[in-house]
Amino acid sequence: MNSRLKLMIVGTLTLGITAWGLVRLLPPEPFAPPQSLEAILTSRPEIQKMTQEIDLGFAQVWKQQNLTPAPRAPDLTVARRLSLALAGTIPSVEEIRAFEKVEPSQRLDWWLAHLLEDRRTSDYLAERLARISVGVEDGPFILYRRHRLVSWLSDQLYANRPYDEIVRELVSAEGIWTSKPEVNFITVTVDPNNEEKGPDEQKLAARVSRAFLGVRLDCVQCHDDLFGKRWKQTDFHQLAAFFAPAEMSLTGLRDNPKLDYQFRYLRRDDSETIAPQVPFQRELLPQSGPPRERLGQWITHPENRAFARTTVNRLWALLFNRPLHKPIDDIPLEGPFPPGMELLADDLIAHHFDLQRLIRIIASTRVFQLDSRSADPTHPIAAQAETHLAAYPLTRLRPEQMAGSILQSSTLRTLDAESHVLVRLMRFAQQKDFVKRFGGVGEDEFDEFSGTLPQRLILMNGKLVHERTKEDLALNASTRIGKLAPNPSVAVESAYLATLTRRPTSAEAAHFKAQYRKLGIQSSSSFMEDLFWTLINSTEYSWNH
């Protein structure tokens, strides 16, 4: 290829990319209104009535504790929280521009409808919920496909299928783990070194009790409860007995009624056959049917409030990064319960375990929309205020949230299911590599964790931040803004929106605009690269606030 032809190709590509980039810096065309927005607006009075009752409960606690709640957070801050909680990333500049075009009184409803219709949300929530039901390990490869289970769960959430139906299917599914992905909830417990044994009844009993009932029944696996005296060793093993008939066959997971559960209790000489029984509210257990189907019916029975409370606590934790009741998997059956839990459980049961409705209610409460900062700088938020949710609790971004946010910050356009397949593949690979290096949080998602020095170094000197902030007109927002922003004000504002989901303060804007002018237009790309690196490495970027 001669040099003239090369120049023509490069020139054409550059002009095309530049033109595309120019379009992306201009105010984008508004998103089409979410399809569910009208229904959401219609039901708003009913949602508001619920949130007022929940807010009243918290207000009473604040009064008792002599706490002054923080003011309401700015709209963009609330939008950032929701995006991190539901989609695992911060909003794009494109989304922020569209969000700000919506009538202020409808912004939250619009944003929630937009996120709940976004495939990123069902994918991210499916991954978070899968952690509690099957953990994070890959399991026995021959009999287990975690990604298929997560994909199936995402489909159910995207269709807003009632959560009780999803759980019943997980507990009672039969078939091949590849064509019936829900079966993987059971097959993950098969010992890869002893596949002939079949699913592990005790692991399944522990999973079910913690994930769906909010009870640490596995603590009495070896002996009776030595402190509370509520739970007996028999409670755990009777629950495990429901899974004894499950066996692996040529047609996948099936129930064999001839199989039973054998166990030798503490201080007894011999093993004995254990009959299936549930640990409480035995009157709700169906009298007939396959054992796992009966168990699924009992777990999700509308009068089994442990299931509703556990679901409320889990969704609350996803939105706040901390559960309403701690520990998340140890909720007392008789209370006392924190403000809002019983109201939310009642509503969840009455509306057939509609998770999207539950998310809307929680996100609409005053508690969720409080600022994390005090209105009075001389009286910053104290730990007691965070404990009682008189201010939105500060929590570090999870590793995958950090990776998703860095990738989103580097482009003005939204990285979602509509993105080009190559962009999505690159995003997947980069995010996976970052989380592997940064370190995941494992199954115990809501245990408090602190940042480490290696993690800080990965942000400062790591591959992902370098590649997504370096000069690259085709891929990176920093270069595009540097080349195409009409003036320093637009450039600095765009960088702040892309990274911190807010505009710079007057002092910040003045500082960086002065730096921009000092370096001159010839160094604009280099300046924007430094500015993006600085903002991504700021403390504010690394925290959910």
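Residues numbered from 1 in each chain as written. Predicted model: local features only at pLDDT ≥ 70, side-chain atom pairs only at ≥ 80, totals over all residues. Heavy atoms only, no water.

*Asks:* Help me understand the pairing of strand β1 (residues 246-249), please; the structure alone is not making it clear to me.
*Replies:* Remark: a regular strand shows side chains that alternate across the two faces of the sheet. In terms of strand pairing, β1 meets strand β2 (residues 252-255) through 4 bridges, oriented antiparallel. Looking at the pairing, Met248 lines up with Leu253 of β2. Taking the residues that link successive antiparallel strands as the turn, the β1-β2 hairpin has 2 residues. (Pairing = 2+ DSSP bridges. Helix = DSSP H or I, 4+ residues; strand = E, 2+ residues; numbered from the N terminus.)

*Asks:* Looking at this model, I keep getting lost on the nonpolar core. Mind explaining?
*Replies:* One recurring pattern in soluble globular proteins: nonpolar side chains tend to sit buried together. Ranked by internal contacts, the top residues of the largest apolar core, which has 147 residues, are Leu82, Phe212 and Ile299. If you tally residues by element for this core, the top one is helix α14 (residues 305-320), at 10 residues. For Ile299, the contacting residues outside a window of four places in its chain are Val167, Val171, Val208, Phe212, Leu213, Asn304 and Phe307. (Core = buried A, V, L, I, M, F, W, Y, C linked by side-chain atoms within 4.5 Å. Buried < 20%, exposed > 50% of the residue type's maximum accessible area, 1.4 Å probe, protein only. Contact = heavy atoms within 4.5 Å.)

*Asks:* What am I meant to see in the state of the cysteines here?
*Replies:* Taken as a whole and judged by the stated rule, the model has 0 disulfides. The structure places no disulfide on Cys219, whose sulfur is separated from the nearest cysteine sulfur, that of Cys222, by 10 Å. Cys219 sits in the partly exposed class, given a relative accessible area of 47%. In this structure Cys222 comes out as exposed when scored by relative accessible area, which is 52%. (Disulfide = S-S within 2.5 Å.)

*Asks:* When you look at unusual backbone geometry in this model, what are you seeing that I'm missing?
*Replies:* What you tend to see is this: most non-glycine residues have negative phi, and most peptide bonds are trans. For the bond running from Lys326 to Pro327, omega is -5 degrees, close enough to zero to count as cis. The step from Gly335 to Pro336 runs through a cis peptide bond, and the omega angle for that step is 5 degrees. For Pro336, the location among the structural elements is in the loop between α14 and α15 (341-350). At Phe353, a position not held by glycine, the phi torsion is positive, near 55 degrees. Judged by its relative accessible area of 3%, Phe353 is buried. For Thr501, which is not a glycine, the phi torsion comes out positive at approximately 55 degrees. Position of Thr501 among the secondary structure elements: in the loop between α24 (488-500) and α25 (506-519).

*Asks:* Got a minute to help me understand the confidence of the model for the protein chain in this structure?
*Replies:* As a note on interpretation, predicted positions should not be read in detail where pLDDT is low. Here the protein chain shows a mean pLDDT of 90. Residues at 70 or above account for 92%. The low-confidence segment residues 1-24 (pLDDT under 50) makes 15 contacts with residues lying over four places distant or belonging to another chain. (pLDDT = per-residue confidence, 0-100.)

*Asks:* Please clarify how the packing of helix α19 (residues 399-409) against helix α20 (residues 421-438) should be interpreted in this entry.
*Replies:* Two packed helices can be described by the angle between their axes and the distance between those axes. In the contact formed by α19 and α20, the axes pass within 9 Å of each other and the chain directions differ by 135 degrees. Classified by the angle between their axes, α19 and α20 sit oblique to one another. As α19 runs across α20, the sense of the crossing is right-handed. Here Pro399, Glu400, Met402, Ala403, Gly404, Ile406 and Leu407 of α19 lie close against α20, whose contacting residues are Arg427, Gln430, Gln431, Phe434, Val435 and Phe438. Of the residues assigned to the contact of α19 with α20, the class counts are 8 nonpolar, 3 polar and 2 charged. (Axes fitted to C-alpha atoms, helices over the stretch in contact; angles between N-to-C directions. Parallel < 35°, antiparallel > 145°, perpendicular 65-115°, else oblique. Left-handed = near helix turned anticlockwise from the far one by under 90°. Nonpolar A, V, L, I, M, F, W, Y, C, P; charged D, E, K, R; others polar.)

*Asks:* Looking at this model, I keep getting lost on the packing of α14 against α15. Mind explaining?
*Replies:* The interhelical angle for the contact between α14 and α15, taken along N-to-C directions, is 110 degrees, at an axis separation of 9 Å. Classed by the angle they form, the pair α14 and α15 counts as roughly perpendicular. Across the interface between the two elements, Arg305, Ala308, Arg309, Thr311, Val312, Asn313 and Trp316 from α14 touch Met341, Glu342, Leu344, Ala345, Asp346, Leu348 and Ile349 from α15. Each residue belonging to the contact of α14 with α15 can be placed in one class, and the counts come to 8 nonpolar, 2 polar and 4 charged.

*Asks:* Could you clarify how one ought to interpret a nonpolar patch on the surface in this entry?
*Replies:* Where nonpolar side chains cluster on the molecular surface, the patch consists of Leu453, Leu457, Met460 and Trp533 and spans about 370 Å² of accessible area. At 3 residues, helix α21 (residues 453-461) tops the list of elements feeding residues into the nonpolar patch. Mapped onto the fold, Leu453 is located in helix α21. Judged by relative accessible area, which is 61%, Leu453 ranks as exposed. (Patch = residues over 30% accessible without salt bridge, like charges linked within 9 Å, V, L, I, M, F, W, Y side chains within 5 Å. Areas by Shrake-Rupley, 256 points an atom, 1.4 Å probe, with all protein chains shown as cover. Salt bridge = Lys/Arg side-chain N within 4 Å of Asp/Glu carboxyl O.)

*Asks:* Would you mind showing me how to read the packing of aromatic side chains here?
*Replies:* Under the definition given, this model contains 18 aromatic pairs. An angle of 90 degrees between the planes, with centres 5.2 Å apart, marks the rings of Tyr516 and Phe527 as edge-to-face. Here Phe527 lies in helix α26 (residues 524-536) and Tyr516 lies in helix α25, a separation of 11 residues in the sequence. An aromatic cluster is present here, built from Phe58, Trp62, Trp316, Phe320, Phe368 and Tyr392 joined pairwise through their rings. (Phe/Tyr/Trp six-rings, centres within 6.5 Å; stacked < 30°, edge-to-face > 60°.)

*Asks:* For this particular structure, what's the right way to read the environment of Phe512?
*Replies:* As for its position among the elements, Phe512 is in helix α25. Through-space distance from the C-alpha of Phe512 to that of Phe320 is 33 Å; in sequence the pair is 192 residues apart. Apart from the residues lying within four places of it in its own chain, the contact partners of Phe512 are Val492, Tyr496, Phe527 and Leu531.

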